[in-house]
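The primary structure of each chain is shown beneath.
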Amino acid sequence: MRASRLVGLAFVPMFACSSSGGSPADAGVDAPGVDAQGTVDVAQMDAGGLCLPNTTGAGTMHGGSVSQPETWTEAGSPYILPYDTEITAPLTLEECATVLIGAQKTITVSAGGSIVANGTGQRAVYIQRKDTANWASIRALGGGTISLNGTAIDGGGDPLNSVADFATVLDIRADQTKPPAGILHVNRVAIT
């Protein structure tokens with residue numbers, strides 16, 4: 001298996017905010033609150049006052065897996081992932097949903113699993129750290145897929161006692177013995 005690792009900050013300028021708008025001069029960055037370096041200003045991103053990350057309240061606590069199709073909403077937010085979590089079924093994140101990931105935790109999207117975030121520039125999906133320490137990564141392995149639209153990701157990349165150069169927010173891996181497949185789609189995504 002050949003692996004491709006995308007380091008959080010190196011990933012941002014290349015793919016973070018691609019869209020059909022934006023000029024070549026700004027690298028396609030036209031999402032409100034996101035500059036050409038991928039820096040997110042949440043206050044600007046939601047200048048319309050439509051939604052901000054919901055990091056308080058009881059929210060919805062999750063165990064170590066998502067094995068049935070689920071849809072996470074603004075009303076059920078924040079969705080709290082205090083453990084390493086494996087996703088083996090479709091997971092849809094509606095606009096304004098907030099996901100809080102525990103310190104040093106990894107989210108793995110495996111065969112049969114997917115994450116589809118349906119945010120927009122002003123009604124983003126938020127993926128953030130639950131604690132003061134960073135979470136590790138969201139990774140796609142063995143056929144899992146990730147599609148992030150209008151998503152603000154913050155606080156990932158803990159190296160987990162490994163070489164810091166291998167720390168990554170998104171870890172995307174494909175099997176080189178199989179035909180090419182769409183594993184990762186990003187549109188208007190900011191990673192900080």
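This section reports on the structure supplied with the text.

With that settled, consider the pairing of strand 12 (residues 137–140). As paired strands, strand 9 (residues 106–109) and strand 12 are joined by four bridges and run parallel to one another. Looking at the pairing, Thr106 lines up with Ser137 of strand 12. Of the strand pairs in this sheet, strand 12 and strand 14 (residues 170–174) are connected by three bridges, and their pairing is parallel. Looking at strand 14, one finds that Ala140 is bridged to Ile172.

Now for the pairing of strand 8 (residues 98–101). When a strand is regular, its side chains alternate between the sheet's two faces. Where burial is concerned, the two faces of strand 8 agree: the one with Thr98 and Leu100 and the one with Val99 and Ile101 are both buried. Alignment of strand 5 (residues 79–81) against strand 8, held across three bridges, turns out to be parallel. By the bridge assignment for strand 8, Tyr79 is matched with Val99. By the bridge criterion, four bridges tie strand 8 to strand 11 (residues 125–129) in an arrangement that is parallel. Each bridged residue has a counterpart across the sheet, and for Leu100 the counterpart in strand 11 is Gln128.

All right, on to the state of the cysteines then. Evaluation of the coordinates by the stated rule reveals one disulfide. In this model Cys51 forms its disulfide with Cys96; the gap between the sulfur atoms is 2.1 Å. Sign of the S-S torsion, about -85 degrees for the bond between Cys51 and Cys96, identifies this disulfide as left-handed. Residue Cys51 is found in the loop between helix 2 (42–45) and strand 2 (60–61), and its partner Cys96 is found in the loop between strand 7 (90–94) and strand 8; the two are separated by 45 residues along the sequence. By relative accessible area, which is 1% here, Cys96 ends up buried.

Of note, Ile80 is situated in strand 5. Given a relative accessible area of 9%, Ile80 falls into the buried group. When the C-alpha positions of Ile80 and Gln128 are compared, they lie 9.9 Å apart, and in sequence the two are 48 residues distant. The contact partners of Ile80, leaving out residues within four places of it in the chain, are Ala58, Thr60, Met61, His62, Leu100 and Lys130.

Turning to the nonpolar core, a few remarks are in order. Counting residues in hydrophobic clusters, the biggest one holds 28 residues, and the most contacted among them are Leu93, Ile115, Ile127, Ile138 and Leu148. Every residue in contact with Ile127, bar those within four places of it in the chain, is listed here: Leu93, Val99, Ile101, Trp135, Ile138, Thr151, Ala152, Ile153 and Asp154.

So, about the pattern of salt bridges. All chains considered together, the criterion is met by four salt bridges. For Glu95, the salt bridge identified is with Arg123, shortest N-O distance 2.9 Å. Of the two residues, Glu95 is situated in the loop between strand 7 and strand 8 and Arg123 in the loop between strand 10 (114–118) and strand 11; the sequence distance between them amounts to 28 residues. As a salt-bridge pair, Asp131 and Lys130 come within 3.3 Å of each other at their nearest N and O atoms. Lys130 gets classed as partly exposed once you look at its relative accessible area, which sits at 38%.

Conventions used here
Residues numbered from 1 in each chain as written. Predicted model: local features only at pLDDT ≥ 70, side-chain atom pairs only at ≥ 80, totals over all residues. Heavy atoms only, no water. Pairing = 2+ DSSP bridges. Helix = DSSP H or I, 4+ residues; strand = E, 2+ residues; numbered from the N terminus. Buried < 20%, exposed > 50% of the residue type's maximum accessible area, 1.4 Å probe, protein only. Disulfide = S-S within 2.5 Å. Contact = heavy atoms within 4.5 Å. Core = buried A, V, L, I, M, F, W, Y, C linked by side-chain atoms within 4.5 Å. Salt bridge = Lys/Arg side-chain N within 4 Å of Asp/Glu carboxyl O.

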